[in-house]
Amino acid sequence: MGRMDPDDRRQQILDRAQTLFRERPYESVSNTEIAAAAGVSRGLLNHYFGTKRELYLAAVADLLSVPPVPVPEYVKGASVRDRVCESVNGWLELLERNQETWLTALSTQGDPELEAIVDAARERVVDHIIEVVGLGPVSRTHPEVRGMLRGFSGMAEATSAEWLRRGRLTRHQAHVFLEETLVKLLEEIIPQVLD
């Protein structure tokens, strides 16, 4: 078996780290365990990522760099509700698969590096919503559209915590709440604010 490309090796380590961080809290996962799961020495793991914290930040950044709403860009003729429903479902599915990492990422207060990663991901979520519902031209001339969608994004994060952390909502309830709120925001509130 030939040597693995450095980028592939790095991704392999990252994938194994994400799996472990998904299964258990950050504090209970060691670099030795991550190295063993990835089939590399601890020295190689440290070569690629330095400390456990640097590896964790890379794992969170990699997780959050995946478009959280895996649906195509705005498609003429598709209803806003259809696109929103599929988007919300994809986002909830991603969170369910990665809930430990997601919930830890939401607890970023006092951690500027993690806050920066999460904030960049929030901006990408807003960009993706704008794409999915076809609001690109409007959002470029009306920054308040982005502001309202960032507000929705914050509400969606709080809703995910109520579902995944506190168990006050089921996945179905979270989906209905987010879908109905986003549809109302897009079809009624944004047009009213822009009048």
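Residues numbered from 1 in each chain as written. Predicted model: local features only at pLDDT ≥ 70, side-chain atom pairs only at ≥ 80, totals over all residues. Heavy atoms only, no water.

A. Looking closely at helix α10 (residues 171-194). Between its first and last C-alpha atoms α10 spans 32 Å; for 24 residues at 1.5 Å apiece the expected length is 34 Å, and the two agree. Taken as a whole, α10 carries its principal kink of about 45 degrees at Leu185. Here α10 has its buried residues at Ala174, His175, Leu178, Glu179, Leu182, Val183, Leu185, Leu186 and Ile190. (Helix = DSSP H or I, 4+ residues; strand = E, 2+ residues; numbered from the N terminus. Expected span 1.5 Å × (residues − 1). Bend = angle between axes of the 7 residues up to and from the residue. Buried < 20%, exposed > 50% of the residue type's maximum accessible area, 1.4 Å probe, protein only.)

B. The pattern of salt bridges, seen in detail. Inspection of the entire model under this criterion finds 15 salt bridges. Glu93 is paired through a salt bridge with Arg97; the nearest N and O atoms lie 3.2 Å apart. Taken as a pair, Glu93 and Arg97 lie in helix α5 (residues 80-97) at a separation of four residues, close to a single helical turn. On the accessibility criterion, Glu93 (37% relative accessible area) is partly exposed. (Salt bridge = Lys/Arg side-chain N within 4 Å of Asp/Glu carboxyl O.)

C. Highlighting the packing of aromatic side chains. Summed over all chains, the structure comprises four aromatic pairs. On the basis of an interplanar angle of 85 degrees and a centroid distance of 5.9 Å, the ring pair of Trp91 and Trp102 is categorised as edge-to-face. Of this pair, Trp91 sits in helix α5 while Trp102 is found in helix α6 (residues 99-106), placing the two residues eleven residues apart along the sequence. Exposure class is identical for Trp91 and Trp102. Each is buried. Directly above the aromatic system of Tyr26 lies the positively charged group of Lys52, at a separation of 4.2 Å from the ring centroid. (Phe/Tyr/Trp six-rings, centres within 6.5 Å; stacked < 30°, edge-to-face > 60°. Lys NZ or Arg CZ within 6 Å of the ring centre and 35° of its normal.)

D. Looking closely at the environment of Ile13. Turning to its location among the elements, Ile13 is positioned in helix α1 (residues 6-23). Residue contacts for Ile13: discarding those within four places in its chain leaves Ile34, Ala38, Val40, Leu45, Tyr48, Phe49 and Leu55. (Contact = heavy atoms within 4.5 Å.)

E. The arrangement of α5 in detail. Its 18 residues give α5 an end-to-end C-alpha distance of 26 Å, which sits within 8% of 26 Å, the value for a rise of 1.5 Å per residue. Within α5 the residues assigned to the buried category are Arg83, Val84, Ser87, Val88, Gly90, Trp91, Leu92, Leu94 and Leu95. Those residues of α5 hidden inside the fold are in contact with α4 (52-65), α6, α7 (112-133), α9 (143-164) and α10.

F. Fine view of the nonpolar core. Of all hydrophobic cores here, the largest spans 56 residues; its most connected members are Ile34 and Leu149. Looking at this core, the element that brings in the most residues is α7, giving ten residues. Discounting chain neighbours no more than four positions away, the residues touching Leu149 are Val126, Ile129, Ile130, Leu182, Leu185 and Leu186. (Core = buried A, V, L, I, M, F, W, Y, C linked by side-chain atoms within 4.5 Å.)

G. Inspection of the packing of α1 against α4 at higher detail. Interaxial distance between α1 and α4 falls to 9 Å at its minimum, and their mutual angle equals 90 degrees. Accordingly, the angle class assigned to the pair α1 and α4 is roughly perpendicular. Along its contact with α1, which presents Arg10, Gln11, Ile13, Leu14, Ala17, Gln18 and Phe21, the element α4 presents Leu55, Tyr56, Ala58, Ala59, Asp62 and Leu63. Looking at side-chain class alone, the contact of α1 with α4 contains nine nonpolar, two polar and two charged residues. (Axes fitted to C-alpha atoms, helices over the stretch in contact; angles between N-to-C directions. Parallel < 35°, antiparallel > 145°, perpendicular 65-115°, else oblique. Nonpolar A, V, L, I, M, F, W, Y, C, P; charged D, E, K, R; others polar.)

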